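Next come the chains, spelled out residue by residue.
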Amino acid sequence: MADAAPTPMMTQYLALKAEAGDCLLFYRMGDFFELFFDDARIASGVLDIALTARGEHDGEKIPMCGVPAHAAVGYLQRLIKAGHRVAIADQIETPAEAKKRAGSKALVARAIIRVVTAGTLTEEALLDARTANWCVAIGEAAGGVAIAAADVSTGRFELVETDAGGLSAELARLGGVEVLASEASAFEQYATVLRPRGEFDSTAAEARLKRVYGVATLDGFGQLSRAGLAAAGGLVAYLDHTAKGSLPFLRPPRIGNAGEAMAIDAATRESLELTQTQQGQRKGSLLDAVDRTVTGAGARLLAGDIGAPLMDRATIEARLDLVQRLHDDGALRESLRATLRSLPDIGRALGRLVAGRGGPRDLGQLRDGLDGAWLLAERLAPLTSPSPVRPEPVEGREHGESSRARASTSSARTEGGVRPLLDQLVPRLQGHGALIDLLKRALVPTPPIDASDGGYIAEGYDAALDDLRDIGAGGRRAIAALEAEYRTRTGTSTLKIRHNGVLGYHVEVPAKAADPLMAGDSGFTHRQTLAGVVRFNAPELHELAMKVTQAGSHALAAEAAHLEELTQTALAGREAIAATADALGRLDVAAGLAERAAEDGWARPTLVDHACFEIEGGRHPVVEAAVQRSGERFVANDCSLSETSRLWLVTGPNMGGKSTFLRQNALIAVLAQAGSYVPATRAELGLVDKLFSRVGASDNLARGRSTFMVEMVETAAILAQATPQSFVILDEVGRGTSTYDGLAIAWAVVEAIHEDNRCRCLFATHYHELTRLAERCDALTLHHVRAREWKGDLVLLHEVTEGPADRSYGLAVARLAGLPPSTIARAKSVLAKLEAGRAKTGGLAAGLDDLPLFAAAIEAEEEGSDAVRAELDSLDIDALTPREALDVLYRLKRLAHND
Ligand code: ADP
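It should be emphasised that the depicted structure is a prediction, and the values quoted were computed from it without experimental measurement. Numbering of residues starts from 1 in each chain and follows the order in which that chain's sequence is written. With the structure being a predicted model, the display of local features is reserved for residues of pLDDT at least 70 and the display and counting of side-chain atom pairs for 80 or more, all residues being used for whole-chain, interface and lining totals. Values shown for side chains rest on all heavy atoms present in the structure; no hydrogens or waters enter the calculation.

Trainee: Before we move on, could you go through the sheet that holds strand β16 (residues 496-500) and cite the residues and values that matter?
Mentor: Any two strands with at least two DSSP bridges between them are considered paired. Put simply, DSSP H or I for four residues or longer makes a helix, DSSP E for two residues or longer makes a strand, and each gets a number counted from the N terminus. Taking strand neighbours across the sheet as the criterion, the 4 strands line up as β16-β17-β19-β18 in an open arrangement whose pairing is antiparallel. Two strands lie at the open edges of the sheet, namely β16 and β18 (525-529), each paired on one side alone. Each strand axis lies, on average, 40 degrees off the axis of its neighbour in the sheet, ignoring direction. Across 5 bridges, β16 lies against strand β17 (residues 504-510) in antiparallel orientation. In the sheet register, Asn500 faces β17, and the bridge partner there is Gly504. Residue contacts follow a heavy-atom distance rule, with two residues in contact if any of their heavy atoms lie within 4.5 Å. An axis is simply a line fitted to the C-alpha atoms; with a helix, the fit covers only the stretch in contact. Between two such axes, the angle follows the N-to-C directions and lies from 0 to 180 degrees. Where helix α18 (residues 463-490) meets the sheet, it contacts β16 and β17, and its direction lies at approximately 140 degrees from that of β16.

What follows is the structure in structure tokens.
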């Protein structure tokens, strides 16, 4: 029947599916989650499970597939990884309740209890322990743009003011797994999820936030702009939507300012491979080369630090002081790291508990983690300043800790700068004594993940629970005794008393021994015959079993009540626990950086007030490791930029080490301002406000847009934005086009950077002609990577020295790369011809020496147009005769041509 009315179940399904929208719908049926129609097709493909069919809808078989509910997490993980979102429709009543409600044929009521999305996860199995999991929302209001970002696995919540131009850099910094924007907004291009416009309304958002935090005013959080409210509102609405009303963990928002971190745009991040490589891997990134943290919290924090180097010298120095202390005291570092390594991830355990997805093991983790933190604080306390520090009451930090405004005035800042980091951290490690004691008494040493089987509340915590357990245990002993008795009574030594979910306790005998029990007066009642065994019940067993089961379910209920109470007690201190988790992470970062520095003899950078960049013996941590792996030595290089020598032009053969040199210096700036030691023997630098890195087009062929166009757009951004405090590396810019165009552009870019931006800049090029710029740009100096030809072979020394390269060694590099000798020979003769031509004409750059100075050229042009304008201004058009008018036109044309 093609147009049969849909079954009640199908009607229910379709309504839920409509609610789920573009999410896949997991529809609970018995022990399975089933998917239907297109959802089934998609899931069976991603999960590689069988696609079957069931019933009919609109005359078609309904495609379907399913996953067992107890193993759903693993399947969810794969679907989320593949970019899907999944709505979970579960049964919200038991079949018995449904029958009572609406008769024997009643359909069990179902509802979407949660939408599982990449940005709203808390489950350990679904998350990477060492990576923060940001869900990001973009909001706009009153002409401003802001980003709200939450990692609900630990409750972190950030609000950042930005603008249309800075948006993509901020998004790149956070690397959110989900990005939300309002439908029909200008930000659709950045979004992975579009949400209704109303959710980003700043007025509604204000009310929503007040409700979330249970406050009458948001003033305590610092200055919230309308755009910030809009973004936060959109984010909270989405969290609410995915968790279906039970909001996950959100700490008070920390309000970030645009100028507090070094500005690093998306292209620079990608090019420098700060936290991931251009292929999206962590391995091979700067972060990977630096990270020696031993906890998930530390790793997450370090990734954030490297992604957002600081601009505040005092805060950087405070971080460096702690790193130095741990660097200099190896024994302290070792013991600190050993302790940290053994501690559970309390930040994430807390996130699960708040979201209502926690269990006994999470409470156990809080107990062990907080206990460990306490002990650590006792060990570190002697290292803190004796006065005037009075440990703040933990509760007092509730909001201040997360609000930048307060954190900087009340706890971290002092008159002379910031308080030593240890003085800030140690008090945060303690203050949970009562909770630790309670959890120690209440929980068994290793509580299970799942509460459903009980057994997590410790003996001696609750006398009534102990009694119930005794009854259960006594019953089980009595049942064991009964087994022996039954064996004697029936003369069947193979008789066993067993337990399963369907029959409960029962007697089981092999089929061939069943006869005596089958007899009418045996006292046993037949329950089930299976291949080989027969199962029975018996009155005494039934009675004992009842007792055991009842005691068991009462005990389970008692444990569940304790779990709920313990969870609530723990959550009352959620802010302070989160602060402890942060403090542990910060200690781990410092100890990890100290460890890294000690491994390879890194140096503490010195930060100064003027825009210099003095590096001795600088190295590239990633390339160095690769070079060492292949058994070679990495050559350390110096770099010296100052206000009078701001721009280094670096020439030399391909593969000579130019890119490596450029990047290592940019990475040193990042590390220094993140509060790390740097791979150099000495480093002194003035703070870098903006960092830019651009690589000439041909290295980035993977991109879709015209690569030369990308190169020019990105270079334009540097010229527009770099300040005298900025640091710019430009690698072969201009090579994405023809030689003449490329040289001309490179020439003009160097001039503009030198004259206008006046930033610190390293510029690598293979255009030898550019070296002539040294004559006209006084803060530009020439450098090259050394190479030597030895017995016909090219030896790349990877050493940066002063002066221009004497030649380009292009053919030698080609030979090194294995170009056939015949081709090399041919190239040599072509080169000889070209060089002869160059000698005659003056070469590619002939005539450049006559080029007026950059600024002078522009002035001349402006003068020209000004003269035309002056002439036009002075004209009285109405008074002109036709003949005079013609004369004026000729004159104007001459003026425009500047002759
Ligand atoms: P270029 O930019 O001049 O073409 P690269 O910086 O890409 O050269 O370096 C090419 C290779 O040379 C690197 O992959 C690395 O193996 C090696 N190399 C670069 N710099 C050094 C160095 N300072 N010491 C040792 N090997 C280096």
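Trainee: Please give an account of the pattern of salt bridges that cites residues and values.
Mentor: One speaks of a salt bridge when a side-chain nitrogen belonging to Lys or Arg is within 4 Å of a carboxyl oxygen belonging to Asp or Glu. For the coordinates displayed, the defined rule picks out 47 salt bridges. A salt bridge links Glu19 to Lys244; the nearest nitrogen and oxygen atoms lie 3.8 Å apart. Note that Glu19 is positioned in helix α1 (residues 8-20) and Lys244 in the loop between α7 (226-243) and β12 (254-256), a separation of 225 residues in sequence. For the salt bridge of Asp582 with Arg251, the shortest nitrogen-to-oxygen distance reads 2.9 Å.

Trainee: Could you give an account of the site of the ligand, with specific residues and numbers?
Mentor: By nearness alone, 14 residues border the ligand, and Val635, Met655, Lys658, Ser659 and Thr660 come closest of all. The definition of a polar contact used here is a pair of N or O atoms within 3.5 Å, where within protein one atom must be able to donate a hydrogen and the other to accept one, and adjacent residues in sequence count solely through side-chain atom pairs. Side-chain polar atom of Thr660 to an oxygen atom of the ligand: 2.6 Å apart, as the coordinates give it. One of the side-chain nitrogen or oxygen atoms of His798 is found 3.2 Å away from an oxygen atom of the ligand. Residue burial considers only the protein chains on display, and all accessible areas are found by Shrake-Rupley using a 1.4 Å probe. Here the ligand, which alone exposes 560 Å², has 78% of that area covered by the protein. Those elements that place two or more of their residues in the shell around the ligand are α22 (621-629) and α23 (658-674). It is α23 that provides the largest number of residues to the shell around the ligand, a total of 3 residues. Any residue with a non-hydrogen atom lying within 4 Å of a molecule or strand is treated as near it.

Trainee: Lay out the confidence of the model for the chain in plain terms, naming residues and giving numbers.
Mentor: Averaged over every residue, the pLDDT of the chain is 89; the share at 70 or more is 92%. The quantity known as pLDDT measures the predictor's confidence residue by residue, on a range of 0 to 100. For the stretch residues 392-410, pLDDT sits under 50, and the model shows 37 contacts to residues farther than four places along the chain or on other chains. Overall, residues 854-860 carries pLDDT values under 50, and its contacts beyond four positions in sequence, including any with other chains, amount to 6 contacts.

Trainee: Provide a residue-level description of the sheet that holds strand β21 (residues 613-618), including the pertinent values.
Mentor: In space, the 4 strands of this open sheet follow the order β20-β24-β21-β22, with mixed pairing throughout. Looking at which strands have only one partner, the edges of the open sheet turn out to be β20 (606-608) and β22 (637-641). Recorded for the sheet is a direction-independent mean angle of 15 degrees between the axes of neighbouring strands. Two elements, β20 and strand β24 (residues 682-686), share 3 bridges in a ladder whose sense is parallel. Within β24, the position partnered with Thr606 by the bridge is Glu684.

Trainee: Kindly report on unusual backbone geometry, identifying the contributing residues and their values.
Mentor: Backbone geometry places Ala184, a non-glycine residue, at a positive phi of 55 degrees. As for its position among the elements, Ala184 is in the loop between β10 (178-182) and β11 (193-195).

Trainee: Now, about the pairing of strand β27 (residues 760-764): what can you tell me, with residues and values included?
Mentor: Counting buried residues along β27, 5 of its 5 residues qualify, which places the element largely inside the surrounding structure. The alternating pattern of β27 places Arg760, Leu762 and Ala764 and Cys761 and Phe763 on opposite faces, both of which are buried. Pairing of strand β23 (residues 647-651) with β27, which is carried by 4 bridges, proceeds in the parallel orientation. Paired with Val650 across the bridge in β27 is Ala764. Of the pairings in the sheet, the one linking strand β26 (residues 727-731) to β27 comprises 5 bridges and is parallel in character. The residue of β27 that forms the bridge with Asp731 is Ala764. When accessible area is computed with a 1.4 Å probe and restricted to protein chains, residues below 20% of their type maximum are described as buried, those above 50% as exposed, and intermediate ones as partly exposed.

Trainee: Describe the packing of helix α16 (residues 421-429) against helix α21 (residues 574-600), naming the residues involved and giving the relevant values.
Mentor: Running from N to C, α16 and α21 point in directions that differ by 135 degrees, and their axes come no closer than 8 Å. With respect to each other, α16 and α21 are oriented oblique. Along this stretch, α16 crosses α21, giving a crossing that reads as left-handed. Where α16 approaches α21, its residues Leu421, Leu422, Leu425, Arg428 and Leu429 are matched on the opposing element by Ala579, Thr580, Ala583, Leu584, Arg586 and Leu587. Amino acids are sorted into nonpolar (Ala, Val, Leu, Ile, Met, Phe, Trp, Tyr, Cys and Pro), charged (Asp, Glu, Lys and Arg) and polar (every other residue, Gly among them). Here the contact of α16 with α21 is composed, by residue class, of 8 nonpolar, 1 polar and 2 charged. Any angle between 65 and 115 degrees counts as roughly perpendicular, while under 35 counts as roughly parallel, over 145 as roughly antiparallel, and the rest as oblique. Crossing handedness: left-handed means the near helix sits turned counterclockwise from the far one by under a right angle, and right-handed means the same turn made clockwise.

Trainee: Describe the side chain of Glu34, and please don't skip the residues or the numbers.
Mentor: For Glu34, the location among the structural elements is in strand β2 (residues 32-36). The sign given to each residue is positive for Lys and Arg and negative for Asp and Glu; His and the chain ends receive no count. The buried charged residue Glu34 lacks any salt bridge, with Arg54 as its nearest oppositely charged partner at 6.2 Å. Sequence-distant contacts of Glu34, that is, excluding residues within four places in its chain, are made with Leu25, Phe26, Tyr27, Met29, Met64, Cys65 and Gly66.

Trainee: Describe the environment of Gly474, with residues and values.
Mentor: Topologically, Gly474 is positioned in helix α18. A relative accessible area of 26% places Gly474 in the partly exposed class. Placed 410 residues apart in sequence, Gly474 and Met64 show a C-alpha to C-alpha distance of 48 Å.

Trainee: Please provide a residue-by-residue account of the environment of Thr569, values included.
Mentor: Tracing the chain through its elements places Thr569 in helix α20 (residues 539-572). Considered as a pair, Thr569 and Leu435 are 134 residues apart in the sequence and their alpha carbons are 7.6 Å apart. Ignoring sequence-local partners within four residues, the contact set of Thr569 consists of Leu435 and Leu438.

Trainee: So what's going on with the packing of helix α14 (residues 360-380) against α21? Which residues, and what values?
Mentor: Two elements in contact, α14 and α21, have axes separated by 11 Å at closest approach and are oriented at 60 degrees. The pairing of α14 with α21 is recorded here as oblique in orientation. The chirality of how α14 crosses α21 is left-handed. Where α14 approaches α21, its residues Leu366, Gly369, Leu370, Ala373, Leu376 and Leu380 are matched on the opposing element by Ile577, Thr580, Leu584 and Leu587. Considering only residue class, the contact of α14 with α21 consists of 8 nonpolar, 2 polar and no charged.

Trainee: Please set out α22 residue by residue, giving values where relevant.
Mentor: For α22, the complete set of buried residues consists of Pro621, Glu624 and Val627. The buried residues of α22 all sit within an arc of 125 degrees when viewed along its axis, so they share a single face. Packed against the buried residues of α22 are α9 (286-290) and α23. Within two residues after α22, Gly631 carries a phi angle of roughly 80 degrees, on the positive side. As used here, the arc is the angular range of directions from the helix axis to the C-beta atoms.

Trainee: Tell me what's going on with the packing of aromatic side chains, and back it up with residues and numbers.
Mentor: Under the pairing criterion, centres of Phe, Tyr and Trp rings, with the six-membered ring standing for Trp, must be within 6.5 Å; the plane angle then separates stacked pairs below 30 degrees from edge-to-face pairs above 60, leaving the rest tilted. Under the counting rule described, the total for this entry stands at 10 aromatic pairs. Note on Tyr13 and Phe36: the rings are 4.9 Å apart at their centroids and 85 degrees apart in plane angle, and the pair reads as edge-to-face. Of this pair, Tyr13 sits in helix α1 while Phe36 is found in strand β2, placing the two residues 23 residues apart along the sequence. Between the aromatic rings of Tyr486 and Phe524, the centroid separation amounts to 5.0 Å while the plane-to-plane angle is 75 degrees, which identifies the pairing as edge-to-face. Here Phe524 lies in the loop between α19 (515-518) and β18 and Tyr486 lies in helix α18, a separation of 38 residues in the sequence. The two residues Tyr486 and Phe524 agree in class, both being buried. Three or more aromatic residues joined by ring pairs form one cluster here, namely Tyr13, Tyr27, Phe36 and Phe37.

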